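Topology and contacts: notes
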Amino acid sequence: MSIHPARFLLFVLLLLPAASSAQDLPTIEAKTEGMTRQAGFLPLYWDATKGELWMEIGVWDTDLLYVPSLPAGLGSNDVGLDRGLMGGEQVVRFKRVGPKVLMEAPNLQFRALTENAAERAAVADAFASSIGWGFTVAAQTGDRALVDITPFVLRDAMGVVRSLNGMQQGSFRLEGSRSAVYLERTKAFPDNTELEAQLTFLSDNPGRYVRAVASDPYAVTLRMRQSFVRLPELGSYTPRPYDPRSGSYGIEFVDYATPVSEPKEVRYLARHRLVKADPNAAVSDPVEPIVYYLDPGTPEPIRSALLDGARWWADAYEAAGFRNAFRVEMLPDTADAMDLRYNVIQWVHRSTRGWSYGRSVTDPRTGEILKGIVSLGSLRVRQDYLLAAGLLSPYRNDGAGLPPDSDPMLAMALARLRQLSAHEVGHTLGLMHNFASSVNDRASVMDYPAPLIRFTADGALTLDEAYDTGIGAWDKVAIRYSYSQFPAGVDERAELNRLLDEASDAGLLYISDTDARPQGGAHPAAHLWDNGSDPVLTLEHDMQVRSRALAQFGLGNVRAGWPLATLEEALVPVYLWHRYQIEAVAKLIGGVDYTYALRGDTQALPEAIPGARQKEALDALLKTVTPAALRLPQNLRTQLPPRPPGYAPHPELFDGHTGLTFDPYAPAEAVASLTFGMILRPERAARLVNQHDFDDDLPEFRDVLTRVFDAIWDVSVDRDDYDAELQRLVQQVWVDQLLALATNAGTAYPVRARALLNLREIQVWLEQNRGRDPETIAHRDLIYDDIQRVMTRKYEEMENRTELDTPPGSPIGQEDRGFVSRQRRRAARLEAWLPDEAWCGVE
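Residues numbered from 1 in each chain as written. Predicted model: local features only at pLDDT ≥ 70, side-chain atom pairs only at ≥ 80, totals over all residues. Heavy atoms only, no water.

1. Re the sheet that holds strand β15 (residues 250–255)
Pairing is mixed across the open sheet formed by three strands, whose spatial order is β8-β15-β16. What marks the edges here is a single partner per strand, and that holds for β8 (110–111) and β16 (265–269). Bridging between β8 and β15 involves two bridges; their strand directions are parallel. The partner of R111 across the bridge, within β15, is D255. (Pairing = 2+ DSSP bridges. Helix = DSSP H or I, 4+ residues; strand = E, 2+ residues; numbered from the N terminus.)

2. With respect to the pairing of β15
Here is the key point about a regular strand: its side chains alternate between the two faces of the sheet. Looking at chain direction, β15 and β16 are connected through five bridges and run antiparallel. Along β16, the bridge assignment pairs E252 with R267.

3. Focus on the pattern of salt bridges
If you walk through the whole model with that rule in mind, you get 39 salt bridges. Measuring nitrogen to oxygen at the nearest pair gives 3.1 Å for the salt bridge that ties E492 to R240. Residue E492 is found in helix α12 (residues 492–505), and its partner R240 is found in the loop between β14 (219–230) and β15; the two are separated by 252 residues along the sequence. A relative accessible area of 32% means that E492 is categorised as partly exposed. (Salt bridge = Lys/Arg side-chain N within 4 Å of Asp/Glu carboxyl O. Buried < 20%, exposed > 50% of the residue type's maximum accessible area, 1.4 Å probe, protein only.)

4. Regarding the side chain of S375
Within the element layout of this structure, S375 appears in strand β22 (residues 368–377). A relative accessible area of 3% places S375 in the buried class. At 3.4 Å, the side chain of S375 and the side chain of Q346 are in polar contact. (Polar contact = N/O pair within 3.5 Å; in protein donor to acceptor, adjacent residues only side chain to side chain.)

5. Looking at the side chain of T428
Along the polypeptide, T428 turns up in helix α10 (residues 408–428). Among the polar contacts listed, one links the side chain of T428 to the side chain of Y292, at a separation of 2.6 Å.

6. Quick look at the packing of aromatic side chains
The final tally for this structure, using the stated rule, is 25 aromatic pairs. Here F676 and W734 contribute two aromatic rings whose centre-to-centre distance is 5.0 Å and whose plane-to-plane angle is 70 degrees, an arrangement assigned as edge-to-face. Here F676, found in helix α20 (residues 666–679), pairs with W734, found in helix α23 (residues 721–743); they are 58 residues apart in sequence, far enough to count as distant. One exposure class covers both F676 and W734, and it is buried. Taking the centre distance of 6.2 Å and the plane angle of 20 degrees together, the rings of F709 and W713 count as stacked. Of the two residues, F709 and W713, neither departs from the other in class, the shared state being buried. Of the aromatic side chains, those joined through ring pairs into one cluster are Y66, F94, W133, F135, F152 and F228. Over the ring of F322 we find K276, and its NZ or CZ is 5.9 Å from the ring centre. (Phe/Tyr/Trp six-rings, centres within 6.5 Å; stacked < 30°, edge-to-face > 60°. Lys NZ or Arg CZ within 6 Å of the ring centre and 35° of its normal.)

7. Looking at the nonpolar core
Counting residues in hydrophobic clusters, the biggest one holds 151 residues, and the most contacted among them are W313, Y317, L571, Y575, F676, W713 and W734. For this core, the element with the highest residue contribution is α23, accounting for eleven residues. Not counting chain neighbours up to four residues away, the residues in contact with W734 comprise F676, I679, L680, L705, V708, I712, W713, N758 and I762. One finds L64, Y66, F201 and A214 within the second-largest nonpolar core, a separate group that totals 45 residues. (Core = buried A, V, L, I, M, F, W, Y, C linked by side-chain atoms within 4.5 Å. Contact = heavy atoms within 4.5 Å.)

8. Observations regarding empty space enclosed by the protein
Enumeration over the complete set of coordinates arrives at eleven cavities of 30 Å³ or more. Its volume calculated, the largest cavity comes out at about 510 Å³. For the lining of the largest cavity, the elements supplying multiple residues, two or more each, are α9 (380–392), α14 (535–551), α15 (567–575) and α16 (579–586). Per-element tally for the lining of the largest cavity: the top contributor is α9, with four residues. Across the lining of the largest cavity, the residue classes tally to 15 nonpolar, seven polar and eight charged. (1 Å grid on protein atoms, 1.4 Å probe; cavity = no way out; pocket = protein on both sides within 12 Å on 5 of 7 lines; lining within 4 Å. Points joined across faces, edges and corners; volume = space filled by probe spheres on them. Nonpolar A, V, L, I, M, F, W, Y, C, P; charged D, E, K, R; others polar.)

9. Side note on the packing of α23 against helix α24 (residues 749–768)
Where α23 contacts α24, the axes come no closer than 9 Å and their chain directions differ by 140 degrees. Taken as a pair, α23 and α24 cross one another with a handedness that is left-handed. Contact residues: W734, V735, L738, L739, L741 and A742 in α23; V751, R752, A755, L756, N758, L759 and I762 in α24. Of the residues assigned to the contact of α23 with α24, the class counts are eleven nonpolar, one polar and one charged. (Axes fitted to C-alpha atoms, helices over the stretch in contact; angles between N-to-C directions. Left-handed = near helix turned anticlockwise from the far one by under 90°.)

10. Looking at the packing of α14 against α15
Two elements in contact, α14 and α15, have axes whose closest approach is 9 Å; the angle formed by their N-to-C orientations is 155 degrees. Viewed along their axes, α14 and α15 adopt a mutual orientation that is roughly antiparallel. α15 is crossed by α14, and the crossing has left-handed handedness. Across the interface between the two elements, R546, A549 and L550 of α14 pack against L571, V574 and Y575 of α15. (Parallel < 35°, antiparallel > 145°, perpendicular 65-115°, else oblique.)

11. Notes on the pairing of strand β18 (residues 290–294)
β18 sits mainly inside the fold: five of its five residues count as buried. The alternating pattern of β18 places I290, Y292 and L294 on one face and V291 and Y293 on the opposite face, and all of these are buried. One ladder, built from five bridges, connects β18 with strand β19 (residues 326–330); its direction is parallel. Residue pairing across strands places Y293 opposite E329, the latter belonging to β19. Inspection of the sheet shows β18 paired to strand β20 (residues 343–348) by three bridges, in the parallel sense. Note on β20: the bridge partner recorded for Y292 is N343.

12. Observations regarding α20
Because an α-helix completes one turn every 3.6 residues, residues spaced three or four positions apart along the sequence face the same direction. Over its 14 residues, α20 extends 20 Å from the first C-alpha to the last, a length consistent with the 20 Å expected when each residue adds 1.5 Å. Most of α20 is tucked away, with 13 of its 14 residues classed as buried. (Expected span 1.5 Å × (residues − 1).)

13. A closer look at unusual backbone geometry
Along the chain, E300 connects to P301 via a cis peptide bond; the corresponding omega equals 0 degrees. Of note, P301 is situated in the loop between β18 and α7 (302–311). You will see that D61, though not glycine, has its phi angle at about 50 degrees, which is positive. Residue R442 is not a glycine yet carries a positive backbone phi of 55 degrees.

14. Digging into helix α22 (residues 701–712)
Between its terminal C-alpha atoms α22 stretches 17 Å, which fits the 16 Å expected from twelve residues at 1.5 Å a residue. Every buried residue of α22 is listed here: F701, V704, L705, V708, F709 and I712. With its buried residues spanning 135 degrees around the axis, α22 presents them on a single face. Buried residues along α22 sit against α17 (611–622), α20, α21 (682–694), α23 and α24. Where α22 begins, the side chain of E700 points an oxygen toward the backbone nitrogen of R702, at a separation of 2.6 Å. (Arc of directions from axis to C-beta.)

Encoded structure:
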């Protein structure tokens, strides 16, 4: 049978694409001719004529680490898109499927650590993986493939649009026409390839935070980096099991290959790889030391302070048996801070003060830390200086500043920076916070330290011992647990348990974030920004420091030539000096002493705080809301002028009800709200109810309510009008807090019942004690009516009452309220002449 020639030719043409498509691809060398090549882990090619970036992939079905980050940020602590911010690292694998390359992220949360391939596959198939991106192969040489990486580089890998929209900062969108590959920072290194882009985000309605920092808030340009990192070969690093007593953090996953009789959850602690050159020696040099590099953009004297503080960790590694194992140096001019080979300490600028961070690039498979990244906020040192100046009133003579070599405020601020540097580096070494170390004479730099202010022999305040120096006793324990290396044949688990038992027997405490941060927390030693082994005695000391500082506060707290209104910046931290110690003392009420004990160790079982101690704590708190404790000196009540043009109100000032002028009652309201808010935390009230049910010697919630009533109601004050008004303010704040507790649906019902009963008792007392002067009568009638609204289920009428904001304490501030409420009540008057872009926090 014959075939027509034309039909035969058509048949052959139809078969050619399927049969020869792979052979039609050019070689990588031919495709990239004329392009600029960077050799490295995943080689890069730049086509300048088309503005395209190409990447060569030669590692298939192999674990790599993918890490997005922001090498240049927005500069707003409130939004959080800071320089050096890292996204979540993720293990990925490149898979070749015909003309495609898929970037797959396996689901490592669920694994099977076994040699049985079928068992591993069964787990892998049970939980979804993710395909993060797909590429088309444009050229190949051998098993190496070339892909156009440009669209991948120009995407919003850090979720900037999602972050800005989530913070209600406007409806932003990525604008491709104003975005491009950032060649200066796009590099290929032996163990990592760095892809960077300048991305522009547009919005027609940028929010206040963005307008405060961007040169053009309608077109915000950030730099975004995506890193591919070579991971160590599995088996070359031995993970160390996580122990909740150790002070370390780590990783967690589920291993379905464990025996049924064993937990399926596997936890490894995070640590750098550190190996002794002589594994059998008690003390040895490491095979390779841990080296950190400081940002050369850090100025002096800050640079020296950060170097000094970070270097403290060398002592901890000495204690762990390593000599010359930890160094801190300046980053060389030829180095890239984002290169995997460099652990870095960055000096980060923002428009407002904010948190510093210690983050790590960590192998999600094993917990090995591959790179430490420390970001230190540059405005924190200025806040510390302001705090010190508020205490000392240093400008009492000619009003000029002090020379650096004799400036105690600068000395204190630099001492704090040394501690901060050590603290954040500690996180990148694998350590958690230890918020109980202040009880152990400042035994850890992983605490949040409050400045310890002493009195001289003549009664003056001194900053000489404000911050401790050097690494602490607990820090050495934590590093020894994570990094100690034991000779062959030694039972590692037994030695590590012995180390923690010895620390416990020595009285060293360890309590971290989840137990210390909640204001309703119960641990008597787990506090932020506190001092001393006895919270009650320390509160009394802080009250004395505060009293002395307020007594001398005045013109000596402002430099010559500065607006007098700026006195308020220094007044806020002085007046609120005791705010964190109030929180510490409150945790004794309904408190429970406990540890992260394991069965069989030497740590104690939970035990309630003794009743007498709880009552002592309550009495100490009530002393903070007496008129004598709340009053401001006469000069501060009347001589603080309104803010002048160019010095807009900001969240670091006291809120108020008086508009332009300083409200002399607002600071007292802030302290009363803090103290009573801590006493009436729903969790604390519920614990008080419960503890008395099990032990009659412990106070009940009713006992607390009665004790507060006796302290603030059934007392008299001097007929000084200011003190009388302060007492009325305290009574109003207490009732408001009690009403909020009683009407909160989340409050335990026994607590609500007792709160409502106490409110009825207050009503009865008010009926019998209406007062004599018009001010007292008006005040008590108002409170009576407020309580009556609850009793008649009309409390919703009170829900829109405006409450004053307390100036932020911890660096992160208080979300958006600090801007919105102050704009409404104190800054609306300024908007006629002050553009929104000038609204920013002051450190």
